[in-house]
2 protein chains.
Amino acid sequence: MAKIRLIEVKEEIQADNRAKAEALRSRLAANKTFLLNLMSSPGAGKTTLILRTIEALRDDLQMSVIEADIDSMVDAEKIATTGIMAVQLRTGGFCHLDASMVEKGLEGLDLASLDLVIIENVGNLVCPAEFDTGAIKNAMILSVPEGDDKPLKYPLMFTVCDVLLINKIDYLGLSDFNVAALRQRANTLNPRITIFEVSSKTGQGIAEWTRWLKRQVDEFRSG
Amino acid sequence: MAKIRLIEVKEEIQADNRAKAEALRSRLAANKTFLLNLMSSPGAGKTTLILRTIEALRDDLQMSVIEADIDSMVDAEKIATTGIMAVQLRTGGFCHLDASMVEKGLEGLDLASLDLVIIENVGNLVCPAEFDTGAIKNAMILSVPEGDDKPLKYPLMFTVCDVLLINKIDYLGLSDFNVAALRQRANTLNPRITIFEVSSKTGQGIAEWTRWLKRQVDEFRSG
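Let me begin by describing the structure that accompanies this report.

Calculation rules
Residues numbered from 1 in each chain as written. Chains lettered and ligands numbered in written order. Predicted model: local features only at pLDDT ≥ 70, side-chain atom pairs only at ≥ 80, totals over all residues. Heavy atoms only, no water. Helix = DSSP H or I, 4+ residues; strand = E, 2+ residues; numbered from the N terminus. Rg over C-alpha atoms; globule rule 2.2 N^0.38 Å. Buried < 20%, exposed > 50% of the residue type's maximum accessible area, 1.4 Å probe, protein only. Contact = heavy atoms within 4.5 Å. Areas by Shrake-Rupley, 256 points an atom, 1.4 Å probe, with all protein chains shown as cover. Phe/Tyr/Trp six-rings, centres within 6.5 Å; stacked < 30°, edge-to-face > 60°. Arc of directions from axis to C-beta. Polar contact = N/O pair within 3.5 Å; in protein donor to acceptor, adjacent residues only side chain to side chain. Buried area = accessible area lost by both parts, 1.4 Å probe. Salt bridge = Lys/Arg side-chain N within 4 Å of Asp/Glu carboxyl O. Axes fitted to C-alpha atoms, helices over the stretch in contact; angles between N-to-C directions. Parallel < 35°, antiparallel > 145°, perpendicular 65-115°, else oblique. Left-handed = near helix turned anticlockwise from the far one by under 90°. Nonpolar A, V, L, I, M, F, W, Y, C, P; charged D, E, K, R; others polar. Least-squares fit on C-alpha atoms with pLDDT ≥ 70 in both. Pairing = 2+ DSSP bridges.

Observations regarding the overall build of chain A
Turning to step 1, where the next piece is worked out: If you tally the helices and strands in chain A, you get nine helices and eight strands.
Turning to step 2, where the next piece is worked out: Against the globule reference of 17 Å for 223 residues, chain A gives a C-alpha radius of gyration of 18 Å, in line with a compact fold.
Turning to step 3, where the next piece is worked out: Over its C-alpha atoms, taken along the principal directions, chain A stretches across nearly 65 × 45 × 35 Å.
Turning to step 4, where the next piece is worked out: Considering chain A as a whole, with its 223 residues, one finds that 53% of them fall into the buried category.
Turning to step 5, where the next piece is worked out: If you take every contact in chain A between residues at least 6 apart in sequence, the share linking residues at least 24 apart comes to 74%.
Turning to step 6, where the next piece is worked out: About 9,300 Å² of surface is accessible on chain A, with carbon and sulfur atoms providing 48% of the total.

Have a look at this one:
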């Protein structure tokens with residue numbers, strides 16, 4: 001006698017979210033607005049990387065930032081000091097963003113006038129990887145102090161990202177972080193992932209990253 | 001010049017969820033089915049407490065269990081060994097249940113024939129506290145090895161619960177867990193909280209807990 005009934009809540013929620021994400025991508029294509037979804041653990045350096053990216057690209061691209069946070073506005077305040085418009089999404093109990101939350105964030109912006117919108121997702125390597133936000137590309141930061149074993153623990157995050165930024169490389173000398181091992185683990189999960197080594201603190205590697213990002217935006221807008 | 005726009009995604013999602021939870025409670029009242037939402041950290045002993053509760057009340061009440069898990073069916077399999085119907089909700093990336101997920105779980109059950117349905121929520125002291133599941137009462141387990149400081153770190157969980165089960169009291173001798181301090185912290189946050197000290201392993205305190213639960217169910221069904 002079967003006494004267990006299995007219900008895959010996830011599948012229904014995900015199917016609904018995927019449809020919303022596809023609709024959002026169509027709208028972004030129509031407006032020629034590139035949407036980048038940036039994910040990482042708390043403290044890996046998302047906000048500082050975004051500040052560096054604004055600094056490097058602000059003369060070439062019209063930008064805005066959507067900051068997601070469970071309960072604060074600190075990051076949006078940092079972005080706003082640059083004069084770039086920041087939308088703060090307070091998610092409450094949610095540990096991730098989905099496409100409808102991103103849609104709400106975009107309501108505050110004039111898409112047609114924007115070339116690049118960066119989403120700073122909630123700091124977490126698990127839930128955000130599960131949800132398509134409607135972004136054109138997904139990026140993640142792994143910082144050196146977190147360790148080179150993270151692809152083994154959070155494989156989905158490495159699988160869904162188009163680009164991996166190894167941040168805080170100025171800590172490499174103080175750490176047993178093995179960049180070659182990390183690259184191999186990330187490439188095994190995702191052979192197409194693009195990897196940059198950067199330090200948002202010293203600026204090392206930022207030019208390579210922002211040149212790549214600019215090219216992605218240009219190709220998307222001309223396609 | 002205001003460069004930040006704040007969007008409370010949480011408020012909109014919560015308002016929508018609260019409406020669904022209220023509708024579910026009306027349906028439960030019409031069917032005289034008591035729904036208990038049981039929350040705790042992973043490993044605090046939710047499944048074992050449910051097994052003890054089934055054992056104590058199965059002659060008096062028609063029961064069923066909804067098990068929520070990010071990605072396994074282990075707990076539902078344990079419940080099913082008792083012959084009680086278990087519904088397994090696989091939530092995927094979600095760290096909590098909301099009212100619409102519980103609604104889906106209940107679809108698999110004949111509410112009119114059930115006196116008590118227990119939801120084993122996802123193991124987490126943060127997100128589940130934020131979402132009204134539609135339950136008649138909320139319960140939480142805090143196990144002695146977790147420490148007596150948890151009301152300071154997770155105040156919302158203690159605030160939303162009607163009952164707190166201090167589990168694994170057989171560990172008290174091995175620990176500096178201060179029951180009086182924990183009771184005071186919980187009562188400060190929530191003066192109406194009912195507290196039981198139990199050990200699902202030895203059975204200590206289970207009779208007091210299940211007597212209280214039986215009385216709640218009886219009052220609800222006769223009201």
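Quick word on the packing of aromatic side chains
Turning to step 1, where the next piece is worked out: All chains considered together, the criterion is met by eight aromatic pairs over all chains.
Turning to step 2, where the next piece is worked out: Judged by centre distance (5.9 Å) and plane angle (65 degrees), the ring pair of Phe 196 of chain B and Trp 212 of chain B falls under edge-to-face. Within this pair, whereas Phe 196 of chain B is found in strand β8 (residues 194–197), its partner Trp 212 of chain B is found in helix α9 (residues 206–222), the two being separated by 16 residues in sequence. Taken as a pair, Phe 196 of chain B and Trp 212 of chain B share a single burial class, namely buried.
Turning to step 3, where the next piece is worked out: Three or more aromatic residues joined by ring pairs make a cluster, and in this case those are Phe 196, Trp 209 and Trp 212 of chain A.

Description of helix α8 (residues 179–189) of chain B
Residues and elements named next belong to chain B.
Turning to step 1, where the next piece is worked out: Along α8, the residues classified as buried are Val 179, Ala 181, Leu 182 and Ala 186. Angularly, the buried residues of α8 cover 165 degrees about the axis, an arc narrow enough to put them on a single face. Opposite the buried face of α8, by more than 90 degrees, sit the exposed residues Ala 180, Gln 184 and Thr 188.
Turning to step 2, where the next piece is worked out: Each element contacted by the buried residues of α8 is listed here: β6 (137–143), α6 (150–153), α7 (155–160), β7 (163–167) and β8.
Turning to step 3, where the next piece is worked out: N-cap assignment for α8: the residue whose side-chain oxygen lies 3.1 Å from the backbone N of Ala 180 is Asn 178.

Re the interface of chain A and chain B
Turning to step 1, where the next piece is worked out: Each partner contributes to the interface: chain A provides 35 residues, whereas chain B provides 35 residues.
Turning to step 2, where the next piece is worked out: Buried surface at the junction of chain A and chain B, summed over both partners, amounts to about 3,200 Å²; 69% is from carbon and sulfur atoms.
Turning to step 3, where the next piece is worked out: At the boundary of chain A and chain B, one finds two salt bridges.
Turning to step 4, where the next piece is worked out: Between Arg 90 of chain A and Glu 8 of chain B there is a salt bridge, with the nearest N and O atoms lying 2.4 Å from each other.
Turning to step 5, where the next piece is worked out: Scanning the region where chain A abuts chain B turns up 11 residue pairs in polar contact (both at pLDDT 80 or more).

Some details on the packing of helix α2 (residues 46–57) of chain A against helix α9 (residues 206–222) of chain A
Axes are the key here: two packed helices are described by the angle between their axes and the distance separating the axes.
Residue and element names in this part refer to chain A.
Turning to step 1, where the next piece is worked out: Running from N to C, α2 and α9 cross one another at 70 degrees; their axes reach a closest spacing of 10 Å. Here α2 lies roughly perpendicular to α9, going by the angle between them. Handedness of the α2/α9 crossing: right-handed. Where α2 abuts α9, its residues Leu 49, Arg 52, Thr 53, Ala 56 and Leu 57 lie against Ile 206, Trp 209, Thr 210, Leu 213 and Lys 214.
Turning to step 2, where the next piece is worked out: For the contact of α2 with α9, the residue count by class is six nonpolar, two polar and two charged.

Things to note about the side chain of Thr 133 of chain A
Residue and element names in this part refer to chain A.
Turning to step 1, where the next piece is worked out: Within the secondary structure, Thr 133 sits in the loop between α5 (127–130) and β6 (137–143).
Turning to step 2, where the next piece is worked out: Taking relative accessible area as the criterion, Thr 133 reaches 1% and is therefore assigned buried.
Turning to step 3, where the next piece is worked out: Within the local environment of Thr 133, its side chain forms a polar contact with the backbone nitrogen of Ala 135, the two atoms lying 3.2 Å apart.
Turning to step 4, where the next piece is worked out: The contact partners of Thr 133, leaving out residues within four places of it in the chain, are Ala 21, Leu 24, Asn 37, Leu 97, Asp 98, Ala 99, Val 102, Ile 119 and Asn 121.

Concerning the relation of the copies chain A and chain B
Turning to step 1, where the next piece is worked out: Between chain A and chain B, the superposition needs a rotation of 180 degrees and an axial shift of 0.0 Å, giving an RMSD of 0.0 Å. On this basis, the relationship between the two copies can be described by a two-fold rotation axis. Taking C-alpha positions as the reference, the residue of chain A nearest the rotation axis is Cys 95 of chain A, at 3.9 Å.
Turning to step 2, where the next piece is worked out: Most of the interface of chain A is mirrored in chain B, where 100% of its interface residues are also at the interface.

A short note on helix α4 (residues 99–107) of chain A
Turning to step 1, where the next piece is worked out: Residues Ala 99, Met 101, Val 102, Gly 105 and Leu 106 of chain A constitute the buried set of α4 of chain A. Along the axis of α4 of chain A, the buried positions cluster into a sector of 160 degrees, meaning they face one direction only.

A short note on the sheet that holds strand β5 (residues 116–120) of chain A
Turning to step 1, where the next piece is worked out: The strand order β8(A)-β7(A)-β6(A)-β2(A)-β5(A)-β3(A)-β4(A)-β1(B) describes an open sheet built from eight strands, whose pairing is parallel. At either end of the open sheet lies a strand with only one pairing partner, and these are β8 (194–197) of chain A together with β1 (4–7) of chain B. Going from strand to strand, the sheet's axes swing by 20 degrees on average, the running direction of each strand aside.
Turning to step 2, where the next piece is worked out: Looking at chain direction, strand β3 (residues 63–69) of chain A and strand β4 (residues 86–90) of chain A are connected through five bridges and run parallel. Looking at the pairing, Val 65 of chain A lines up with Ala 86 of chain A of β4 of chain A.
Turning to step 3, where the next piece is worked out: Along the sheet, α2 of chain A contacts β2 (34–39), β3, β5, β6 and β7 (163–167) of chain A; its crossing angle with β3 of chain A, the most-contacted strand, is approximately 175 degrees.

Regarding the sheet that holds strand β4 (residues 86–90) of chain B
Turning to step 1, where the next piece is worked out: Strand order in the open sheet formed by eight strands is β1(A)-β4(B)-β3(B)-β5(B)-β2(B)-β6(B)-β7(B)-β8(B), with parallel pairing between adjacent strands. Either end of the sheet is taken by a strand with one partner, and the two such strands are β1 (4–7) of chain A together with β8 of chain B. Across this sheet, the average inter-strand angle for adjacent strands is 20 degrees, counted without regard to direction.
Turning to step 2, where the next piece is worked out: Pairing geometry for β7 of chain B and β8 of chain B, over four bridges, is parallel. Its bridge partner being in β8 of chain B, Val 163 of chain B is matched across the sheet by Thr 194 of chain B.
Turning to step 3, where the next piece is worked out: Relative to the sheet, α8 of chain B contacts β6, β7 and β8 of chain B, its axis offset from that of β8 of chain B by approximately 160 degrees.
Turning to step 4, where the next piece is worked out: Of the strands in this sheet, β2 (34–39), β5 (116–120), β6, β7 and β8 of chain B touch α9 of chain B, which is tilted by about 140 degrees from β2 of chain B.

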